Amino acid sequence: MHVRTRRSARICVLLMVAAAGCGGSGGERSSAGQPKGSPPTSTTAATATTNSASLVAQSTLLPWQLPAPVYRTMGSVLDGKLYVLGGLDAAGTTVAQVDMVDPAAETATGAGVLSQPTHGATALAVGGHILVFGGAATSVYSQVQGFDPATDTTQIVGQLPGPRADVAGAIVGNDVFLLGGFDGSGPLQSVLASPNGISFHPAGQLALAVRYPAVAVYGGAIYLFGGLLSGAEYTGSFTTAIQRFDPASGTSEIVANLPAPLAHAMATELDGQILIIGGSTSSAPSAAIYRFDPATDALSVVGSLPEPVTDGVAVTLGQSAYVLGGISSGPLASVIAVTLAPRSR
């Protein structure tokens, strides 16, 4: 039996996942010169729904960039700085690079390296460190890597119960949750939980087994938006489902649907609003920015990115959300700022 969770008027924690393909080496390239597994190069926005929101999302392509293009990467915020960890570079090779982004100084600089090159993990700030859970390179990982911004060093700090990549991660209260993903054979339906980000135990099941969903937390519930059900990363079967997972009961239900199948999207909380940004439709990357209202389970389009972006990372710092890297017609080093403003009457 699916349990509907009590809705709160305040968003507690919002974290996103940057997903990755994990079937083998990331270094192969197509005959067209794009990294193997890249999305279709025609770029169109997802179909818009009627927008009843009183806010509009304004996005700006900033004049400064990441040190190099990266996609299928991981990101987190700690002590007023943004961190971009691992991913795939412009050649489609899995990298270990960690970059620190300081929006106030308008700089993005190298901050260290991971213990092992990784893409398709999820990264969360826990106890003054950034923990990177699972991921993949030539195989799917079960390691938990801990990056210490104070020393710019990384070490292996734990192990998941099994290999897991393309996974959604979130923090509710003091607990870390890992939802869905890929074990090297197929999508996962299971949910893991940990009080410290190092030792995990089973915590329930999703309604749908998915890879590459966007993830957000509201009122103690975890929401997953879209995802890949089966097939290849950008050309497989995507879902429209919006799933809500209740950590207290370990149950999940589908509460709404996106207007079109979507995967590889990014989600973040900004000014008390849940935003779902970009991602891949069945035909092309999307530029759409959606607002999701957990009080009504309603979805509306509130804006668009300067260009379609999929497989990047979105994090919020202060009054702005930042979309970092990703892929469009090719891998990106761009930094896009997203703010909310009242809609003009």
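A brief report on the enclosed structure follows. Only a predicted model underlies this, so the values are computations on that prediction, with no experimental measurement involved. (Residues numbered from 1 in each chain as written. Predicted model: local features only at pLDDT ≥ 70, side-chain atom pairs only at ≥ 80, totals over all residues. Heavy atoms only, no water.)

Regarding the pairing of strand β20 (residues 273-277)
And then number 1: β20 sits mainly inside the fold: five of its five residues count as buried.
And then number 2: Burial of the side chains of β20 extends over both faces: Gln273, Leu275 and Ile277 are buried on one face and Ile274 and Ile276 on the other.
And then number 3: Pairing geometry for strand β19 (residues 266-270) and β20, over five bridges, is antiparallel. Within β20, the residue paired with Met266 across the bridge is Ile277.
And then number 4: The loop that links β19 with its antiparallel partner β20 comprises two residues; one of these, Asp271, has a positive phi angle of about 50°. (Buried < 20%, exposed > 50% of the residue type's maximum accessible area, 1.4 Å probe, protein only. Helix = DSSP H or I, 4+ residues; strand = E, 2+ residues; numbered from the N terminus. Pairing = 2+ DSSP bridges.)

Observations concerning the sheet that holds strand β4 (residues 94-102)
Pairing between the strands of a sheet is mediated by backbone hydrogen bonds and can be parallel or antiparallel.
And then number 1: Pairing in this open sheet of four strands is antiparallel, and the strands run β2-β3-β4-β5 from one edge to the other. With one partner strand each, in any of the chains shown, β2 (74-78) and β5 (107-113) form the two edges of the open sheet. Across the sheet, the axes of successive neighbouring strands diverge by a mean angle of 25°, strand direction being ignored.
And then number 2: Here strand β3 (residues 81-88) runs beside β4; their pairing, made up of six bridges, is antiparallel. For Val84, the partnering residue across the bridge sits in β4 and is Asp99. (Axes fitted to C-alpha atoms, helices over the stretch in contact; angles between N-to-C directions.)

A few points about the sheet that holds strand β12 (residues 190-194)
And then number 1: Strand order across the open sheet formed by four strands is β10-β11-β12-β13, with antiparallel pairing between neighbours. Of all strands in the sheet, those with a lone pairing partner are β10 (168-172) and β13 (201-205), marking the two edges. Pairs of neighbouring strands in the sheet enclose a mean axial angle of 30°, with direction left out of account.

Focus on the pattern of salt bridges
And then number 1: As enumerated under the stated definition, the model contains four salt bridges in all.
And then number 2: Glu253 serves as the salt-bridge partner of Arg244, at 2.9 Å between the closest nitrogen and oxygen. Each of the two residues, Arg244 as well as Glu253, counts as buried.
And then number 3: Across the pair Asp297 and Arg244 runs a salt bridge whose closest N-O atoms are separated by 3.6 Å. Of this pair, Asp297 sits in the loop between β21 (288-293) and β22 (298-304) while Arg244 sits in strand β17 (residues 237-246), and the two are 53 residues apart along the sequence.
And then number 4: With a relative accessible area of 13%, Asp297 lands in the buried category.
And then number 5: Here the salt bridges do not stand alone but share partners, grouping Arg244, Glu253 and Asp297 into one network. (Salt bridge = Lys/Arg side-chain N within 4 Å of Asp/Glu carboxyl O.)

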